[in-house]
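# Structural features, examined
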Amino acid sequence: VSTQSTGSSGINAEYGEPINMIKFVLSTLCILAVQAVPRPDHLDDSPFFPGEEDYVTPGPTFGARTEVPSECENYMYSWGMSSNYGMAIAHRLHSLTVEDIGYYFGVTVPVDNGIPTVNLDMSPNAARVLPNAPLATYDDSFSSIGLKHLDKILRHMDDKKYSIINYNTLEKVAHTFHMSELWTRAAYYYDLLKNTPVGDEMCGCITDVANNDILPEIELLALKIKFPGITSGAAPGKPGDGAWPINYAYNQPHNDNSIEYRRVLRNFDFSGPEEDVFDRAVEELDDHDESECDHLSNEKAWVKWRQGFKNMNDFDNYQFAVYMHCKLRDF
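Residues numbered from 1 in each chain as written. Predicted model: local features only at pLDDT ≥ 70, side-chain atom pairs only at ≥ 80, totals over all residues. Heavy atoms only, no water.

### A closer look at the state of the cysteines
Counted by the stated rule, this structure contains two disulfides. Each disulfide pairs two cysteine sulfurs, and for Cys72 the partner residue is Cys205, the sulfurs being separated by 1.9 Å. Sign of the S-S torsion, about -95 degrees for the bond between Cys72 and Cys205, identifies this disulfide as left-handed. Taken together, the positions of Cys72 in helix H2 (residues 71-78) and Cys205 in helix H7 (residues 200-206) put the pair 133 residues apart, joining distant regions of the chain. Taking the relative accessible area as the measure of exposure, Cys205 reaches 5% and is therefore buried. (Disulfide = S-S within 2.5 Å. Helix = DSSP H or I, 4+ residues; strand = E, 2+ residues; numbered from the N terminus. Buried < 20%, exposed > 50% of the residue type's maximum accessible area, 1.4 Å probe, protein only.)

### Considerations on the confidence of the model for the chain
Predicted confidence across the chain gives a mean pLDDT of 77, with 71% of residues reaching 70 or more. Long-range and interchain partners of residues 1-68, a stretch whose pLDDT sits below 50, account for 114 contacts in this model, where long-range means more than four residues apart. (pLDDT = per-residue confidence, 0-100. Contact = heavy atoms within 4.5 Å.)

### Quick look at the environment of Ala126
Assignment of secondary structure puts Ala126 in the loop between strand E1 (117-118) and strand E2 (129-130). Residue classification places Ala126 among the buried positions, given a relative accessible area of 17%. Between the C-alpha atom of Ala126 and that of Glu274, which follows or precedes it by 148 residues, the distance is 8.8 Å.

### Things to note about the pattern of salt bridges
All chains considered together, the criterion is met by 11 salt bridges. Residue Lys148 is joined to Asp140 by a salt bridge in which the shortest nitrogen-to-oxygen separation is 3.3 Å. A relative accessible area of 7% means that Lys148 is categorised as buried. In this structure, the salt-bridge partner of Lys304 is Asp294, at a minimum N-O distance of 2.9 Å. Taken as a pair, Lys304 in helix H11 (residues 299-310) and Asp294 in the loop between helix H10 (274-284) and H11 lie far apart in primary sequence, 10 residues in all. (Salt bridge = Lys/Arg side-chain N within 4 Å of Asp/Glu carboxyl O.)

### Structural notes on unusual backbone geometry
Residues other than glycine seldom take positive phi values, yet Thr137 does so here, at roughly 55 degrees. Mapped onto the fold, Thr137 is located in the loop between E2 and helix H5 (145-154). Of the residues examined, Thr137 reaches a relative accessible area of 52% and is grouped as exposed. Here the phi dihedral of Ser163 falls at roughly 65 degrees; this positive angle occurs in a residue that is not glycine. Following the sequence through the fold, Ser163 ends up in the loop between H5 and helix H6 (169-192). Under the relative-accessibility criterion, Ser163 is labelled buried at 11%.

### Some remarks on a negative patch on the surface
On the surface, Asp269, Glu275, Asp276, Asp279, Glu283 and Glu284 cluster together into a patch of negative charge. Mapped onto the secondary structure, Glu284 falls in helix H10. Judged by its relative accessible area of 37%, Glu284 falls in the partly exposed class. (Patch = residues over 30% accessible without salt bridge, like charges linked within 9 Å, V, L, I, M, F, W, Y side chains within 5 Å. Areas by Shrake-Rupley, 256 points an atom, 1.4 Å probe, with all protein chains shown as cover. Lys, Arg positive; Asp, Glu negative; His and termini not counted. Charge placed at Lys NZ, Arg CZ, Asp CG, Glu CD.)

### Quick notes on H6
Over its 24 residues, H6 runs 36 Å from end to end, which matches the ideal 34 Å to within 8%, given 1.5 Å per residue. With 17 of 24 residues buried, H6 is to be regarded as a mostly interior element. (Expected span 1.5 Å × (residues − 1).)

### A look at the side chain of Glu274
With respect to the helices, strands and loops of the structure, Glu274 is situated in helix H10. The class of Glu274 is buried, set by a relative accessible area of 9%. Reaching out from Glu274, the side chain makes a polar contact with the side chain of Arg128 at a distance of 3.2 Å. Glu274 has contacts with Pro124, Asn125, Ala126, Arg128, Lys226 and Phe227, leaving out every residue within four places of it along the chain. (Polar contact = N/O pair within 3.5 Å; in protein donor to acceptor, adjacent residues only side chain to side chain.)

### Notes on the packing of H6 against helix H12 (residues 314-328)
Remark: H6 packs on H12, axes separated minimally by 8 Å, with the N-to-C direction vectors making an angle of 65 degrees. By crossing handedness, the relation of H6 to H12 is classed as right-handed. Mapping the contact onto sequence places Leu182, Trp183, Arg185, Ala186, Tyr189 and Tyr190 in H6 and Asp314, Asn317, Tyr318, Phe320, Ala321, Met324, His325 and Leu328 in H12. (Axes fitted to C-alpha atoms, helices over the stretch in contact; angles between N-to-C directions. Left-handed = near helix turned anticlockwise from the far one by under 90°.)

This is the structure in structure tokens:
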């Protein structure tokens, strides 16, 4: 697979030397500023990094509170990772492809890459999560990544079992460009990390998807994409007049005991016949999400979608950059 990168990533290839020099100076200042801050303020209430008296019974995976913070917790703390790390990474992984990795991060990876994604094939009993980012099969006769993304969606526009099950074609296009925005922002931080590489032990924690919440979060996301409303507690799997919003976090607004809910998600068994998984998810992963959003049929609806895209937390793009930095450095 060839990438479009002439530098560190395809999106930076257009910059000239003066811009690169400015970026280098600003990047250096940014890194020095970040290193001067021992603990980001947003971590004060983080369930991953509790205070001295804020511990509960140990859980089975990384992120659960223990009597003494684990080595991974300390590493995550030192690099400023937040309690929503698994959710943030799962969101940005779920539609990533081999070609996207090459374009945005400048690294050519094999098909056997160990980067999990959601399967875009929503056929009954098809695997919901893939262990490797797949080939996108973009049409390389197009030069721009935007047209390659658009072409891939339109080539499947008649397939009702392709991609986010309750989105119409325009919404799938909007979602694809939304993901492109997140990857573009993450690529900036990814380039900065080349000047401050992450250590081996830290990277071991960052990429351990089975024990750092990434895998259960991406499994949950795959269920929500395939069965809209499955965790709503109301007509699971049957979208109403609007499109059920695809929530990327396991959240229960009727109760703020998020630590317990996170433990439920970690312990949930996503294996087995799909019908059984569906029934258990309806019962055990209910987050009372009954809200709906408008389909993209007019300008008023786009205002809501547009604001939602703008509300994405840029710090989560940094967290994804750290994950990609660790995952890609061996390729």
